[in-house]
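These are the residues of each chain, in order.
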Amino acid sequence: MDKKVKVLLIGAAFSADLHMDGYSRCTDIAEIVAICDKDLSRVDSLAERYGLKNFKAYDDYKKAIDEVDCDVVDICLPNFLHHDVAIEAFKKGRHVISEKPLATTVEDAEEMVEAARKAGKKLYYAEDWLFAPALCKALSIIEEGAIGKPLFIRARECHSGSHSPYAQTIKYCGGGCMVHLGIHPVGFMLALKQGRWTELVAMTSGGLENNFLHKGMEGEDWSACIIKFDDETSALLEANYITKGGMEDVIDIYGTEGCMHIDLTFSSAIKCYSIPGLSYTVEKAEITTGWSKPAVDEKFNLGYVSEIRHFMECCLKNEDAKIGLRGVDGLEALKVINLIYKSAKEGIKIKNENLGG
Ligand SMILES: NC(=O)c1ccc[n+]([C@@H]2O[C@H](COP(=O)([O-])OP(=O)(O)OC[C@H]3O[C@@H](n4cnc5c(N)ncnc54)[C@H](O)[C@@H]3O)[C@@H](O)[C@H]2O)c1
C-alpha cells in the first residue's frame, strides 16, 4: 500500500509505549511523524526503545498540532488533557485517537464528539479489551452457541494502584479505580449489549480516608456495579486498587448450556520459578521472584496491537471504528461510569431513561 497514515503521538510515557508497540507492528500502513511530551527525555527514550529515527520531537502540544503535517493525533496524555488536545486537533482537521476515559466529565466528552462531527473527522476511542484475542475467541464461542444464551457475566480489572501522579486527584482524572480500570469491563459490556442497559446499582469505597488502602487518593480504591440489560441478562463489574501480585483482567461468562472463564493477564504458557527474579513478569507485579507466569506478548494479548492496526485501517478509509471504539462509545461508557458514581454516592438504583426503564 502506498499511502501511510501519518501519526502525531502526544504523550510519551506508559500508554504511549503500548501504542508505539502497535505502530511498530503496522509500519506497512502507519508512520509516526512526530512525538510530543512536555518531558522531552521521555520522547527520546520512547523513540530509542522502538528504533524510531525520522520524526520531530515537541514539548508543546499546541505547537505540535499546529506545525505537524499528520492525519491523526493520538492522545496518550492524562485524562484531563484529552478534551483540550482533541479540540485543538479537530480544529486543525485531524482525526483523533483518545485513550480511555474519553474525558474527565461527560460535558467534555460530549464536546469532543460534537467537535469531531463539526470537523467531519473521526474520533476513535481506545478500548483495548475489544481486541484482546482471548475475548474475541470467547465472543466467537458465544456466537456459535456453544454455551447457549449468556445469562450473567462477571468482569473485573484490578491492580495495586495507578503509576500516574494525575490519578490521585479527581480534577485530573475524573474518579478512582472505576473510571480508570472499570471503564474496560463497562466498555466491553456496553459494546456486547449495544448499550442497552436498563438499570444499575453500585457501591464504592468512597475515596480518601474511606478507602481500604489508598487514603491519600481522592477517588475510590474499590468499586462494584451490578447492571441489567434489556435482554434479561446481567453483569457484575468490578474494579479495585487493592489487588497485589499483578493486574487481573478476568471475565466469567455463564450461559444456559455452559460457561467460560477468561484470564487475560495470567494465562501465560510459561510457569517459571526464579530465585534471583525476572526483569518483568506481568503488569503491576510487585515482585518477580519465586513462581510466576511471565506474560508472552502482553501488549498483543491485551489487545493494543490489533487496536492500533484497526484505527490505522479506519483512518486510511476515513471510516468509523467498530462498535465500542467510536467517540460516542467512549461517551456512553463515561456516562455509565458517572451513573455508577451517582448510584454509589446516593445509595440508589438507577434506571436508563433512554430505554424507558
Ligand atoms: N488502555 C489502557 O489499558 C491504558 C493503560 C494505561 C493508561 N491509559 C490511559 O492513557 C492515558 C495516559 O496515561 P499514562 O499511564 O500513559 O500516563 P503517564 O502519567 O504515564 O504519562 C503521561 C505523559 O503525559 C505527559 N504530559 C503531561 N502533561 C502534558 C502536557 N501538557 N503536554 C505534553 N505532555 C504532557 C507527561 O509528561 C507524561 O509523560 C490516560 O488517559 C490513561 O487512562 C490507558
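From a predicted model like this one, the values you see are computed outputs, not experimental measurements. (Residues numbered from 1 in each chain as written. Predicted model: local features only at pLDDT ≥ 70, side-chain atom pairs only at ≥ 80, totals over all residues. Heavy atoms only, no water.)

Asks: What am I meant to see in the sheet that holds strand E4 (residues 72–75) here?
Replies: Within a sheet, neighbouring strands are paired by backbone hydrogen bonds and run either parallel or antiparallel to one another. One open sheet holds the six strands; their spatial order is E3-E2-E1-E4-E5-E6, and the pairing between them is parallel. Strands at the two margins of the open sheet, each flanked by one partner only, are strand E3 (56–58) and strand E6 (123–125). Neighbour-to-neighbour, the strand axes of the sheet open up by a mean angle of 25°, direction not taken into account. Of the pairings in the sheet, the one linking strand E2 (residues 30–36) to E3 comprises three bridges and is parallel in character. Across the sheet, the residue bridging to alanine 34 is lysine 56, located in E3. (Pairing = 2+ DSSP bridges. Helix = DSSP H or I, 4+ residues; strand = E, 2+ residues; numbered from the N terminus. Axes fitted to C-alpha atoms, helices over the stretch in contact; angles between N-to-C directions.)

Asks: Can you help me understand the site of the ligand in this one?
Replies: Residues in contact with the ligand amount to 22 residues; listed here are only the nearest, Asp37, Arg42, Asn79, Lys100 and Tyr304. Take phenylalanine 14: an N or O atom from its main chain is 3.4 Å from an oxygen atom of the ligand. In this structure, asparagine 79 approaches the ligand through a side-chain N or O atom, which is 2.6 Å from an oxygen atom. When the ligand is considered free in solution it has 850 Å² of accessible area, and contact with the protein chains removes 90% of it. For the shell around the ligand, the secondary structure elements donating two or more residues are helix H1 (14–24) and helix H4 (79–91). For the shell around the ligand, the two domains that each supply at least three residues are domain 1 (5–128) and domain 2 (130–303 + 335–355). (Near = heavy atom within 4 Å. Polar contact = N/O pair within 3.5 Å; in protein donor to acceptor, adjacent residues only side chain to side chain. Areas by Shrake-Rupley, 256 points an atom, 1.4 Å probe, with all protein chains shown as cover. Domains from an automatic or database assignment.)

Asks: Whenever I open this one, the environment of glycine 174 confuses me. Can you help?
Replies: Locating glycine 174 in the fold gives a position in the loop between helix H7 (170–173) and helix H8 (177–192). By relative accessible area, glycine 174 is classed as buried at 16%. Counting along the chain gives 69 residues from glycine 174 to threonine 105, while the straight-line C-alpha distance between them is 6.6 Å. Not counting chain neighbours up to four residues away, the residues in contact with glycine 174 comprise Thr104, Val179 and Tyr341. (Buried < 20%, exposed > 50% of the residue type's maximum accessible area, 1.4 Å probe, protein only. Contact = heavy atoms within 4.5 Å.)

Asks: Just checking my understanding: could you explain helix H6 (residues 133–143) for this structure?
Replies: Side chains that are three or four residues apart share a direction in an α-helix, a result of its 3.6 residues per turn. Among the residues of H6, those classed as buried are Leu135, Ala138 and Ile142. An end-on view of H6 places all buried positions within 55° of arc, on one side of the element. Looking at H6, the residues exposed on the side facing more than 90 degrees away from the buried face are Lys137 and Glu143. Elements in contact with the buried residues of H6: strand E7 (150–158), H8, strand E11 (248–255) and strand E12 (259–263). Following H6 by one or two positions, glycine 145 has its phi on the positive side, about 85°. (Arc of directions from axis to C-beta.)

Asks: So what exactly am I meant to see when it comes to the pairing of E7 here?
Replies: Working note: regular strand, side chains alternate between the two faces of the sheet. Here E7 runs beside E11; their pairing, made up of eight bridges, is antiparallel. Bridging from a neighbouring strand, isoleucine 153 pairs with isoleucine 253 of E11. In this sheet, strand E10 (residues 234–240) lies alongside E7 in parallel orientation, the contact comprising seven bridges. By the bridge assignment for E10, arginine 154 is matched with leucine 236.

Asks: Would you take a moment to explain the pattern of salt bridges for this structure?
Replies: Here the idea is simple: oppositely charged side chains can pair when their charged atoms come close. All told, the structure shown has 25 salt bridges when counted by the stated rule. Among the salt bridges present, the one from lysine 92 reaches aspartate 66, with a minimum N-O distance of 3.5 Å. Taken together, the positions of lysine 92 in the loop between H4 and strand E5 (95–98) and aspartate 66 in helix H3 (residues 61–67) put the pair 26 residues apart, joining distant regions of the chain. The salt bridge partner of glutamate 283 is lysine 284, with a shortest N-O separation of 3.0 Å. Take glutamate 283 and lysine 284: they sit in the same class, and that class is buried. Within the structure, one salt-bridge network assembled from shared partners comprises Asp17, Arg49 and Lys299. (Salt bridge = Lys/Arg side-chain N within 4 Å of Asp/Glu carboxyl O.)

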